[in-house]
Amino acid sequence: MIQAFFHLPLEEHRLGLRWPLFQQLLAFAPPAQTATLITSIGKRLHAALDAGASATAAAAAMAPSVQGGGEVEPPRGMAIDVLLAFVTLTPTKSLAGALGCDASGDDGRGGDGCSGNDDAPAPAPPPAPHPHARRVRLLFSHVLHRWLPALSRALRRPETLNKAFVMAIIMPHTMCWLQQALLSLLRLEAKAAPCASASASASASVSTRADTTSGHGASGDSTSGDIISAAASATAAATAAASAAAATAAATVTATARAVAATAAAASWRQLLLHDIELVPLLETGLRLLAVTRLGYPLADDSAFLVCGVLSALTLAAPDALAPVLLRDAGSPPAPGLAPNDSPWHPDWLRAVVLRHRPADAALHRLLRDLESLRRDAAVAAAGAAAAGLGGGGGGAALHSTFLGGPVARADAVFYAERAYPWAPLSPYDAAMEAAALAAEEATATAPVAACGSVGGAGVQEAPPPAHALRCCANPRCVNLGGESEADLPLQACGGCGLLRYCGRACQAAHWRAGHKEACCILKRSHPVQP
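Note that the structure is predicted; figures quoted are calculated from it, not measured. (Residues numbered from 1 in each chain as written. Predicted model: local features only at pLDDT ≥ 70, side-chain atom pairs only at ≥ 80, totals over all residues. Heavy atoms only, no water.)

**Comments concerning the overall build of the chain**
Within the chain, the secondary structure is distributed over 18 helices and two strands. Burial status across the chain gives 44% buried among its 531 residues. Counted over contacts in the chain with a minimum sequence separation of 6, partners at least 24 positions apart contribute 79%. With the model as given, the accessible surface of the chain reaches about 24,900 Å², and the carbon-plus-sulfur share is 61%. (Helix = DSSP H or I, 4+ residues; strand = E, 2+ residues; numbered from the N terminus. Buried < 20%, exposed > 50% of the residue type's maximum accessible area, 1.4 Å probe, protein only. Contact = heavy atoms within 4.5 Å. Areas by Shrake-Rupley, 256 points an atom, 1.4 Å probe, with all protein chains shown as cover.)

**Considering the packing of helix α11 (residues 319-328) against helix α13 (residues 362-387)**
Packed helices, taken two at a time, are described by the angle between their axes plus the distance between the axes. Running from N to C, α11 and α13 cross one another at 85 degrees; their axes reach a closest spacing of 9 Å. With respect to α13, the element α11 is oriented roughly perpendicular. Across the interface between the two elements, P319, L322, A323, L326 and L327 from α11 touch L371, L374, R375, A378, A379 and A382 from α13. Residue classes in the contact of α11 with α13 are distributed as 10 nonpolar, no polar and one charged. (Axes fitted to C-alpha atoms, helices over the stretch in contact; angles between N-to-C directions. Parallel < 35°, antiparallel > 145°, perpendicular 65-115°, else oblique. Nonpolar A, V, L, I, M, F, W, Y, C, P; charged D, E, K, R; others polar.)

**A look at the pattern of salt bridges**
In this structure the tally under the stated criterion is 10 salt bridges. Notably, a salt bridge pairs E434 with R134, separated by 3.1 Å at the nearest N-O pair. Of this pair, E434 sits in helix α17 (residues 428-452) while R134 sits in helix α6 (residues 131-155), placing them 300 residues apart in sequence. Its salt-bridge partner being R270, residue D320 comes within 2.7 Å of it at the nearest N-O pair. Remark: R270 occurs in helix α8 (residues 224-276) and D320 occurs in helix α11; sequence separation between them is 50 residues. When salt bridges with common partners are traced through the structure, they connect R134, E434 and E441 into a single cluster. (Salt bridge = Lys/Arg side-chain N within 4 Å of Asp/Glu carboxyl O.)

**Overview of the packing of aromatic side chains**
One pass over the structure, following the stated rule, counts one aromatic pair. Seen in terms of ring centroids, F140 and W177 are 5.1 Å apart; in terms of plane orientation they differ by 65 degrees. Their pairing is edge-to-face. Of this pair, F140 sits in helix α6 while W177 sits in helix α7 (residues 164-214), and the two are 37 residues apart along the sequence. (Phe/Tyr/Trp six-rings, centres within 6.5 Å; stacked < 30°, edge-to-face > 60°.)

**Notes on the nonpolar core**
Ranked by size, the top nonpolar core spans 103 residues in total, and within it M175, L178, L283, L314, L322 and W345 carry the most contacts. Looking at which element gives the most residues to this core, the answer is α7, with 15 residues. In this structure L322 touches L311, L314, T315, W345, L371 and L374, once residues within four positions along its chain are discounted. Listed in part, the five residues of the second largest apolar core include L138, L426, A435 and L438. (Core = buried A, V, L, I, M, F, W, Y, C linked by side-chain atoms within 4.5 Å.)

**Here's the deal with unusual backbone geometry**
Most of the time, phi is negative for any residue but glycine, and the peptide bond is trans. Of note in this structure, E278 is not a glycine but carries a positive phi near 55 degrees. What makes E278 partly exposed here is its relative accessible area of 24%. Even without a glycine there, the phi angle at L404 is positive, about 55 degrees. Assignment of secondary structure puts L404 in the loop between α14 (396-402) and α15 (407-413).

**As for helix α12 (residues 347-354)**
Among the residues making up α12, those that are buried are P347, W349, L350, V353 and V354. Here the buried residues of α12 occupy an arc of 165 degrees about the axis, which is enough to place them on one side. Tucked into the core, α12 has its buried residues touching α9 (279-292), α10 (300-317), α11 and α13. (Arc of directions from axis to C-beta.)

**Description of the environment of L295**
Assignment of secondary structure puts L295 in the loop between α9 and α10. Sequence separation of L295 and H357 is 62 residues, and the distance between their C-alpha atoms is 6.4 Å. Aside from chain neighbours lying at most four places away, what touches L295 is R356 and H357.

**As for helix α18 (residues 505-524)**
Its 20 residues give α18 an end-to-end C-alpha distance of only 19 Å, which falls more than 12% under 28 Å, the value for a rise of 1.5 Å per residue. Largest kink in α18: about 85 degrees, centred on G515. Here α18 has its buried residues at C507, H511, G515, H516, A519, C520 and L523. (Expected span 1.5 Å × (residues − 1). Bend = angle between axes of the 7 residues up to and from the residue.)

**Focus: the packing of α12 against α13**
Interhelical geometry of α12 versus α13 gives an angle of 160 degrees and a closest axis separation of 10 Å. Classified by the angle their axes make, α12 and α13 are roughly antiparallel. Considering only the axes of α12 and α13, their crossing is right-handed. Between α12 and α13, the contacting residues are P347, L350, R351 and V354 on the first element and L364, H365, L367, L368, L371, E372 and R375 on the second. Looking at side-chain class alone, the contact of α12 with α13 contains seven nonpolar, one polar and three charged residues. (Left-handed = near helix turned anticlockwise from the far one by under 90°.)

**Overview of the environment of L182**
Considering the arrangement of structural elements, one finds L182 in helix α7. Between the C-alpha atom of L182 and that of L314, which follows or precedes it by 132 residues, the distance is 6.4 Å. Those residues within four positions of L182 in sequence are excluded, and the remaining contacts are L273, L279, V310, A313, L314 and A317.

Right under this line is the structure:
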């Protein structure tokens, strides 16, 4: 099956060509085995890319002794196969919309639902997705989580940069799914902030009501009838206040739980996008491709629009991640031309690249204004952090919470874009929650059958392990293929968050250095998922 999926002729790289077959696999094959297959393929992709990088380095070292020092043309390797397989196996937006899954995630099944306005009327609940649609969404999200890091590596390999179909087909298709992930991150960041403030205000409301209730009492000069009436009124007021306090406390607990879940889901998106996929270097590769793509090339306009769309989404969802590269080259003088080693983040070259294929696009001009605002705000935040003794890395949290009015204002600015796409992948945290929910539902459905045991009640069968558990090493660069199968690989939970699991100390240490140290304390406050 891997051979059939991953060794494709160059003429068969049409978008979604093999999605119908792959969708059937995700929907109807045993979920646990399908998840382990997805994980194993991701590991093999990284192992092949490692081998390809070593082979390219060895060929480059031998180049001076071959043909008088001429350049060695790298053959089509695993990097190209990875790219072709991704675009043929993954759906386009229109195909994904057929799943019937709401991108808002407010269907109560592993989503990030948390209303930012408790006074607004609750919308009508969407129809419950079909179990097969939920399974496809879960496993396809797992595909993106495990394959996109390898895809990012493949797109940044030297042998892919001179391929025309990379800019015309593969890069925009990849950017489409990355934009969905960034919009989900932006929505989560916006929903976590008002939920946290609602929790604090609700607690203050409970305290105020308690203080007001304790001040009520009967006057000593009243008659016995007045005293009885006053006592009844006080009792009724106390009962009403207690009921209101209980309702407010319940709302506080709900808001807090939603805030914790939204914050954990956002942290898992940031880990995947910024550290595992390395989105900023990938965007730099996209900008370089735009700079060298000739004007009028087929689909160049669409590619420019999607690459810049991801850049815009990153500016709004994680401005603190983009600020360092904007500040790095803000003061360097522009060169006469964009050389291969020059950075495309300089203001002049960024404007030239962004507007190269769509010079009259108002959305791209707005993106450039936002980038310049971010560059100025980042410089102010960095100066303030340096004055406070926080070092060069300080000021990121303040920049994230204040840029363009904060996460809520930034999310409101792109609300239309969220509704433009009917389906979006789950975050790694939400995927774990959804896998646990599906496993619990299946266990509940099969419990009566298992409890019957054999004929005559001779015994009770043991419950099978969760069928939907996304059991894998959390390190995206893991290439451990030991054991008879992926399901037999022993894993140990992170001692901090208890949510992520690793096949060994080497993978845990590598993932900690790669960014898990930032998300660990946030995930620790969420409910860990048991294997």
